[in-house]
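Residue strings, one per chain:
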Amino acid sequence: MLSRLATRLDTAGAKKRMEAFRTGWSSKTRDDIRFFDTGKVQYRYRERAAITGGSAPTIVFTADPPVTLEFYDDLLALFATRFRVVVVELPAMGFSAARGSYSFGFQETNNDVANFCEAVAGPGSILAFSCVAGLSAVDIAARRPALAAKVALLQTTDWREFQTWKAARDPKGILGKPFLGQMAMRKVARERAPDWFRLCVGDREKLEPFCACAQDALSHGAGWALASAYQRYLTDGASPLGKVKQPLLVIWGKLDRSHRAAAPERAKTMGENAQLVELDHVGHFPELEDTRRTFDVISAFADG
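As a convention, each chain's residues are numbered from 1 in the sequence order in which they are written. Residues qualify for local features only when their pLDDT is at least 70, as the model is predicted, and side-chain atom pairs are given and counted only at 80 or more; totals for whole chains, interfaces and linings, by contrast, use all residues. The basis for the side-chain values is all heavy atoms of the structure; hydrogens and waters are excluded.

*Asks:* I keep staring at the overall build of the protein chain and nothing clicks. Help me out?
*Replies:* Secondary structure elements are taken from DSSP: a helix is a run of H or I of four residues or more, a strand is a run of E of two residues or more, and numbering for both begins at the N terminus. Within the protein chain one finds 13 helices and 11 strands. For 304 residues, the compact-globule estimate of 2.2 N^0.38 gives 19 Å, and the C-alpha radius of gyration of the protein chain, at 18 Å, lies within 12% of that figure. Principal-axis analysis of the C-alpha atoms gives the protein chain an extent of 45 × 40 × 40 Å. Three labels apply to residues, based on accessible area from a 1.4 Å probe with only protein chains included: buried if under 20% of the type maximum, exposed if over 50%, partly exposed otherwise in between. Within the span of the protein chain, comprising 304 residues, buried residues form 59% of the whole. Residues are treated as being in contact if the distance between any of their heavy atoms lies within 4.5 Å. In the protein chain, once contacts between residues fewer than 6 apart in sequence are set aside, the share between residues at least 24 apart is 78%. We take the radius of gyration over the C-alpha atoms and set the globule estimate at 2.2 Å times the residue count to the 0.38 power.

*Asks:* What is the right way to look at the packing of helix α5 (residues 106-121) against helix α6 (residues 133-143) in this model?
*Replies:* Axes here refer to lines fitted to C-alpha atoms; in helices the fit is confined to the stretch in contact. Angles between the N-to-C directions go from 0 to 180 degrees. The N-to-C vectors of α5 and α6 enclose an angle of 75°; their axes lie 9 Å apart at closest approach. Considered as vectors, α5 and α6 are oriented roughly perpendicular to each other. Residues Phe106, Gln107, Asn110, Asn111, Val113 and Ala114 of α5 pack against Leu135, Ser136, Asp139, Ile140 and Arg143 of α6. Geometric relationships in this document are graded by angle, where less than 35 degrees denotes roughly parallel, more than 145 denotes roughly antiparallel, 65 to 115 denotes roughly perpendicular, and other angles denote oblique.

*Asks:* When you look at the pattern of salt bridges in this model, what are you seeing that I'm missing?
*Replies:* One speaks of a salt bridge when a side-chain nitrogen belonging to Lys or Arg is within 4 Å of a carboxyl oxygen belonging to Asp or Glu. A full pass over the atoms with the stated rule returns 21 salt bridges. Residues arginine 44 and glutamate 70 are paired through a salt bridge, measuring 2.9 Å at the closest nitrogen-oxygen approach. Of this pair, arginine 44 sits in strand β2 (residues 41-48) while glutamate 70 sits in the loop between β3 (58-62) and α4 (73-79); the two residues are 26 residues apart in sequence, bridging distant segments of the chain. Under the relative-accessibility criterion, glutamate 70 is labelled buried at 11%. Here glutamate 47 and arginine 84 are joined by a salt bridge, their closest N and O atoms 2.9 Å apart. Taken together, the residues glutamate 47 in strand β2 and arginine 84 in strand β4 (residues 84-88) connect sequence positions 37 residues apart. Beyond isolated ion pairs, a larger network of salt bridges with shared partners links Arg30, Asp32, Arg46, Arg48 and Asp73.

*Asks:* I would appreciate a short explanation of the pairing of β3 in the present structure.
*Replies:* On a regular strand, one side chain projects to one face of the sheet and the next to the other, so that they alternate. Among the 5 residues of β3, 5 are classified as buried, and the element is accordingly described as predominantly covered. Where burial is concerned, the two faces of β3 agree: the one with Thr58, Val60 and Thr62 and the one with Ile59 and Phe61 are both buried. DSSP calls a pair of strands paired once it identifies at least 2 bridges connecting them. Sheet topology note: the β3/β4 ladder contains 5 bridges and is parallel. The residue of β4 that forms the bridge with threonine 62 is valine 88. Look down the strands so they point away from you; if going from the first strand over the helix to the second traces a clockwise path, that crossover is right-handed. Chirality of the crossover, the property in question, places the unit of β3, α4 and β4 among those that are right-handed. The pairing of β3 with strand β7 (residues 125-130) spans 3 bridges and is classified as parallel. Bridged to phenylalanine 61 within β7 is alanine 128.

*Asks:* Which parts of the structure should I look at to understand the packing of aromatic side chains?
*Replies:* Aromatic ring pairs are reported here in terms of the distance separating the ring centres and the angle at which the planes meet. Here is the rule: rings of Phe, Tyr and Trp (six-membered ring for Trp) pair when centre to centre is within 6.5 Å. Planes less than 30 degrees apart are stacked, more than 60 are edge-to-face, and the remainder are tilted. Applying the stated criterion to the full structure yields 19 aromatic pairs. Here the aromatic rings of tryptophan 165 and tryptophan 196 are separated by 6.3 Å at their centres, their planes lie at 80°, and the arrangement is edge-to-face. Here tryptophan 196 lies in helix α8 (residues 180-200) and tryptophan 165 lies in helix α7 (residues 159-169), a separation of 31 residues in the sequence. Judged by its relative accessible area of 7%, tryptophan 165 falls in the buried class. Take tryptophan 196: its relative accessible area is 11%, and that puts it in the buried class. An aromatic cluster of three or more residues is present, and its members are Phe36, Tyr43, Tyr45 and Phe116. In this structure, arginine 82 is placed above the aromatic ring of phenylalanine 83, and the distance from its NZ or CZ to the ring centre is 4.8 Å. Over a ring means this: the NZ of a Lys or the CZ of an Arg is within 6 Å of the ring centre and within 35 degrees of the ring normal.

*Asks:* It is not clear to me how the state of the cysteines should be interpreted in this structure. Could you clarify?
*Replies:* Joining two cysteines, a disulfide is a covalent bond between their sulfur atoms. In what follows, a disulfide is any cysteine sulfur pair within 2.5 Å. Applying the stated criterion across every chain yields a total of 0 disulfides. Not engaged in a disulfide, the cysteine cysteine 213 finds its nearest cysteine sulfur in cysteine 211; these two sulfurs lie 10 Å apart. Take cysteine 213: its relative accessible area is 12%, and that puts it in the buried class.

*Asks:* Sorry, what's going on with the nonpolar core here?
*Replies:* Burial of nonpolar side chains together is a common tendency in soluble globular proteins. In these notes, a set of buried Ala, Val, Leu, Ile, Met, Phe, Trp, Tyr and Cys residues joined through side-chain atoms within 4.5 Å is what counts as a nonpolar core. Membership of the largest hydrophobic core comes to 103 residues, with the highest contact counts inside it found for Phe61, Val85, Leu135 and Phe197. Once residues within four sequence positions are removed from consideration, leucine 135 is found in contact with Phe106, Thr156, Thr157, Asp158, Trp159, Phe162, Tyr233, Leu234, Leu241 and Met270.

Treat this as a map of the structure, not an account of what it does.
In C-alpha cells:
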C-alpha cells in the first residue's frame, strides 16, 4: 500500500536518531527525561513520583504535538501533589523515534501505546490523553480494560467529528496524499506550528511560550509526523472504537477555534458513564493553559 510505504519517510534512519535522542539535547533538557523501547518505538517520557507516597494513583498524559515534554514542568509539579505522573510523546512525534516496522496504523499504534502504558505506568492508571490521542485512550480502555481505571479526554471528540476536523486542517488534501504529505510537513512544520497555535490556543498570554517551545524542539530534530497520522491513523470510514465502560471525563476548552460546536457533546457518546466539563477561558490545551483548573477537575473525577 502506497500510504504504508510513505510512512518510511518519517521512520527512516531510526537507529541513528534513537541514539541521538538518548544521548543528545533531547535527553538533557530536564532531569526526569527517560526512554522506553517497545521494539517498534523508543518513547521519550517524563515521570514524577507523587509527593504523597507510593499509594497514589498513576495518571498518564500524552504530549500533544508539536508541543513537547519541555512544556510540562508546571503540570508535573502540580499533579505530583496528588498523583504519580507520566507524560509521554507519541510515536514519531517529538523525540519518540519509531522504527520502519511501525506504520502508524490505528490498532497498531494503540497496541504499542498500551504496551508502553503497561510497562511504565502499570495497570489501573488514569489515561488522560489529548486531542486525537484520546481515541487511543478510548480504544485501550475498551480492549484492554485492566490498563485503565478511568479515562480523561482532553480536547478529544469522537471519530466522526475528527473526520470533519481533519478535513478543515487539510482543506487541499495535501497531507492526506502519500509522500507529498510527508514531504510537505518536513518543509513547512516550523511555519505551521505558530499558525496552529494562533488558531487553537485560548489563553493568548501563553501563545508565545507555546510557539517558542515548539520551535526549539523542531530545531533540535523533533518529529511531527502529521501526514502519516492523517493517512494511516485517522482514516476515513466507520469508527473502529468500542465504548468506554470505565468512568469517562471529557474536558473541553471552549476557545479552541479548530473544532465545531458539536465536538464536546459528541465526545460524551464514547462512554457509557461520561461527564463533560467545559472551560470558558482556554482553548485546545486545557491541561497546559489552565493547569490548576484541570488539576481540580481531574482530582474530583479521580475521587468520585
